[in-house]
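A structural walkthrough
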Amino acid sequence: MRRKVATRWLAGGATAVAGAVAALALQVPHASAATNLSLGAGADGSSKASGTSYGNVIDGNTSTFWSPSGSTGTISVKWGGATTVSSAVIVQASGGGSISGWQLTNHDTGSVLASGSSAPSTINFSSTSLKKLSFVITSASGAPRIAEFETYSSGGSTPTTSPTSGPTSGPTSGPTGNPGAPTGAWPSSAGSVSISGTVNVSGTFDGGMKTYCCIGDGGQGESQDPMFKIANGGTLQNVILGSPAGDGVHCEGTCTLRNVWWNDIGEDAATFKQTNGGTSYVIGGGARSGSDKTFQHNGNGTVDISGFYLKGSGKLYRGCGNCSTSHTRHVRIDNVLVDDIDMLAGINSNWNDTATITRVVVIGSATICGKYKGVPKGSEPSYLGEGWNDANCKVNRSDVTFR
């Protein structure tokens, strides 16, 4: 019989964590997330559909959105003075048209900073000082819905086009809006923290790159407790999960996992339970030594994975195919490096799931976008086959580099 573990609450700064051997009190270092420069800025555009607003892309609320009056249009973020920007994040709301062509432009000069032929998520470009940044939709299947147009000053100049020689920069050691491209390097631990029960996170929890361990048995048992449980809107960052880590991380609503590393995946690295239709983010980080799923999506909405490294696992992402409640789910995967895995993304095409995949490097071989037939709880979903550049699997072969 597995022993029942205690649950303790952690929020923000100074936090107490109970150790498995002895009580341990620690001060959690505070580290601010990269600043979204769009918050507090202005917005305008070329047109807007009835009931939508330009300001919806800069309000920090993914439940509101802007749409052009047709299938193409421009949305811009603007500042009162010159502002240095080097990355942008485009968050799409569900239900809109699918973007098939876009440009990111310096409105001041008209120069194109980046472009692409499929829906983007994180867009990295050379650091530029400007007063107005424009996202131009040049083609789409219908009127797209842009929930957020985030902008950041930190980051590099990795292009948004498909990789040719693979990721070249290493993982970040701290929080950032732009994780860079993973190389497979693993971070050093800043120390060890022993816990005896689930750590509940409200707000932002920064682990200072310490290794947290240990609960569970390291196996595939479905009833294990998570090591971290994150409340809606919470952020877990700069944490290494040791082994065993139980059922990893549970996001009760939308969440952000920034620079989080799993030494041994165990059951699942993270489970996303959100039911608010929003977007959860995995920014940077990595995981290794998994048997089945890495990121399990049980709720609805979107999971956005960027700058992530995965070594030795079944799948990077799987939308639940037999949960008690069936949902339409979406995943965006960009700028990832995977090694020795079976499948990048598994989705349920009969429930209209989508996987938008760009800039992927695969060491070995893997199915990139696998389609399943979702079924009621108690049954097993059937595998339908691999998809490329279709309504569910939004990925071109040029988006993937095999090594």
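Thresholds, definitions, all that
- Residues numbered from 1 in each chain as written.
- Predicted model: local features only at pLDDT ≥ 70, side-chain atom pairs only at ≥ 80, totals over all residues.
- Heavy atoms only, no water.
- Helix = DSSP H or I, 4+ residues; strand = E, 2+ residues; numbered from the N terminus.
- Buried < 20%, exposed > 50% of the residue type's maximum accessible area, 1.4 Å probe, protein only.
- Contact = heavy atoms within 4.5 Å.
- Areas by Shrake-Rupley, 256 points an atom, 1.4 Å probe, with all protein chains shown as cover.
- Pairing = 2+ DSSP bridges.
- Salt bridge = Lys/Arg side-chain N within 4 Å of Asp/Glu carboxyl O.
- Phe/Tyr/Trp six-rings, centres within 6.5 Å; stacked < 30°, edge-to-face > 60°.
- Lys NZ or Arg CZ within 6 Å of the ring centre and 35° of its normal.
- Disulfide = S-S within 2.5 Å.
- pLDDT = per-residue confidence, 0-100.

**Focus on the overall build of the chain**
- Secondary structure summary: the chain contains zero helices and 28 strands in total.
- Across the 403 residues in the chain, those meeting the buried criterion constitute 57%.
- Expressed as a percentage of contacts within the chain between residues at least 6 apart in sequence, the contacts between residues at least 24 apart total 64%.
- With an accessible surface of roughly 14800 Å², the chain has 48% of that area assigned to carbon and sulfur atoms.

**Considerations on the pairing of strand 23 (residues 329-348)**
- Most of strand 23 is tucked away: 18 of the 20 residues are buried.
- Pairing of strand 21 (residues 301-306) with strand 23, which is carried by six bridges, proceeds in the parallel orientation. Within the sheet, the bridge partner assigned to Ile305 lies in strand 23 and is Ile333.
- Judged from the seven bridges that link them, strand 22 (residues 309-319) and strand 23 form a sheet pairing that is parallel. Bridge assignment links Ser313 to a residue of strand 23, and that residue is Ile341.
- As paired strands, strand 23 and strand 24 (residues 354-363) are joined by nine bridges and run parallel to one another. Looking at the pairing, His330 lines up with Thr354 of strand 24.
- In this structure, strand 23 lies alongside strand 25 (residues 367-373), joined through five bridges in parallel fashion. Bridge pairing links Asn348 to Tyr372 in strand 25.

**Overview of the pattern of salt bridges**
- For the coordinates displayed, the defined rule picks out 10 salt bridges.
- The salt bridge involving Lys315 is made with Asp292; its shortest N-O contact spans 3.9 Å. Note that Lys315 is positioned in strand 22 and Asp292 in the loop between strand 19 (286-288) and strand 20 (293-297), a separation of 23 residues in sequence.
- Note that Arg359 and Asp334 form a salt bridge whose closest N and O atoms lie 2.7 Å from each other. Placement of the pair is Arg359 in strand 24 and Asp334 in strand 23, with a sequence separation of 25 residues.
- The network of salt bridges with common partners includes Asp268, Asp292, Lys293 and Lys315.

**A short note on unusual backbone geometry**
- A cis amide bond, omega 10°, links Cys213 with the succeeding residue Cys214.
- By the element assignment, Cys214 lies in the loop between strand 12 (204-213) and strand 13 (228-230).
- Along the chain, Ser243 connects to Pro244 via a cis peptide bond; the corresponding omega equals 0°.
- Looking at the secondary structure, you find Pro244 in the loop between strand 14 (234-241) and strand 15 (249-251).

**Considering the packing of aromatic side chains**
- Enumeration according to the criterion identifies 12 aromatic pairs in this entry.
- With a centroid separation of 6.1 Å and 55° between ring planes, the pair formed by Phe272 and Phe295 is classed as tilted. Residue Phe272 is found in strand 17 (residues 270-272), and its partner Phe295 is found in strand 20; the two are separated by 23 residues along the sequence. Summarising the burial analysis for this pair, Phe272 and Phe295 share the class buried.
- For Arg288, the ring lying beneath its charged end belongs to Trp186, and the centroid distance is 3.9 Å.
- Here the basic side chain of Arg397 rests over the ring of Trp388, its NZ or CZ set 4.3 Å away from the ring centre.

**Some details on the state of the cysteines**
- Taken as a whole, this structure holds four disulfides when the rule is applied.
- Between the sulfur atoms of Cys213 and its disulfide partner Cys214 the distance amounts to 1.5 Å. Where Cys213 bonds to Cys214 through sulfur, the torsion about that S-S bond is close to 95°, and the disulfide is right-handed.
- We classify Cys213 as buried; its relative accessible area is 13%.
- Residue Cys214 is classed as partly exposed on the basis of its relative accessible area, which comes to 32%.

**A few points about the side chain of His327**
- Considering the arrangement of structural elements, one finds His327 in the loop between strand 22 and strand 23.
- Once residues lying within four places of it in the same chain are set aside, the contact partners of His327 are Thr275, Asn298, Gly299, Asn300, Trp351 and Asp353.

**A word on the confidence of the model for the chain**
- Of all residues in the chain, 83% attain a pLDDT of 70 or more, and the chain-wide mean is 84.
- By mean pLDDT, the top-scoring element of the chain is strand 25 (98), and the lowest-scoring one is strand 3 (residues 24-27) (29).
- Considering only residues more than four positions removed or in separate chains, one finds that residues 1-33, a stretch of pLDDT under 50, has 72 contacts.
- A low-confidence stretch, residues 155-176 (pLDDT under 50), is modelled with 69 contacts involving residues beyond four sequence positions or located in other chains.

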